[in-house]
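Observations on the three-dimensional arrangement
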Amino acid sequence: MDVQSYMPVPPGVGMEENFLSLDDILLSQERLPCRTETTFPRLGFLEKSSDTRDIPEGSKMEMPLWLAKGLYERKRRVLSVELPKVYREGWRTVFSADPTVVDLHKMGPYYYGLGSQLLHFQNPENPEIAQAVLQTFIGRFRRTMDSAQNAYNEDTSALVEPLDSLERALFRVGQGGLNAFQRWETGSASRLTASSLVLNYRKRKITDLQD
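Notes on the structure follow.

Reading the values: the criteria
- Residues numbered from 1 in each chain as written.
- Predicted model: local features only at pLDDT ≥ 70, side-chain atom pairs only at ≥ 80, totals over all residues.
- Heavy atoms only, no water.
- Helix = DSSP H or I, 4+ residues; strand = E, 2+ residues; numbered from the N terminus.
- Buried < 20%, exposed > 50% of the residue type's maximum accessible area, 1.4 Å probe, protein only.
- Salt bridge = Lys/Arg side-chain N within 4 Å of Asp/Glu carboxyl O.

What to know about unusual backbone geometry
Cis peptide bonds are those with omega within 30 degrees of zero, and the linkage from glycine 108 to proline 109 qualifies with 10 degrees. Non-glycine residue arginine 42 carries a positive phi angle of around 60 degrees. If you trace the backbone, arginine 42 turns up in the loop between β1 (31-36) and β2 (60-64). Residue arginine 42 is classed as exposed on the basis of its relative accessible area of 54%.

Things to note about the pattern of salt bridges
Inspection of the entire model under this criterion finds five salt bridges. In this structure, arginine 31 engages glutamate 62 in a salt bridge whose closest nitrogen and oxygen atoms are separated by 3.7 Å. Of this pair, arginine 31 sits in strand β1 while glutamate 62 is found in strand β2, placing the two residues 31 residues apart along the sequence. The class for arginine 31 is partly exposed, based on a relative accessible area of 48%. Taking the relative accessible area as the measure of exposure, glutamate 62 reaches 49% and is therefore partly exposed. For the salt bridge of aspartate 54 with arginine 53, the shortest nitrogen-to-oxygen distance reads 3.7 Å.

Right under this line is the structure:
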């Protein structure tokens, strides 16, 4: 029986995060361009290019997503978050023309996840960002799954390279389904086995009964 020491936890959906997901933990480290709307006393040491004691109002700096979300307040203006260039109007136009030609991994690699998280911050372009992220996913989904279903026993590195992390996960699912079908078709998977998810669930139920 195949036993995994770590069961991968999927990332959250949309604006929700799953703090047990490695993908969401890595996403939270993505840096956002920010502007301070008030003075940050005694935090000047955070700015390597400055020797001042405080971070003055109006300073432009980059912050990881988790810190920007923690400091951001809609009522009390502590900082404002600017859009990364890939979500601005110019790039949204490129995506609307043909999203399949863009190397999302080079631009991201968490294009969909970060785009969803940007909706936490008040911005007049939020509706356009949400629409662009959704349409980009729709426009690239079929090609991603077609590539996964038509690449059997071959090097898929060139197909995977331009994909966002979410698309890579979908590609792996598609490849898994293709490999399972090929094994069934050739007769090498004639014996049905329980999914590891079912087996783990049964173990938990037995432990609960014993308690």
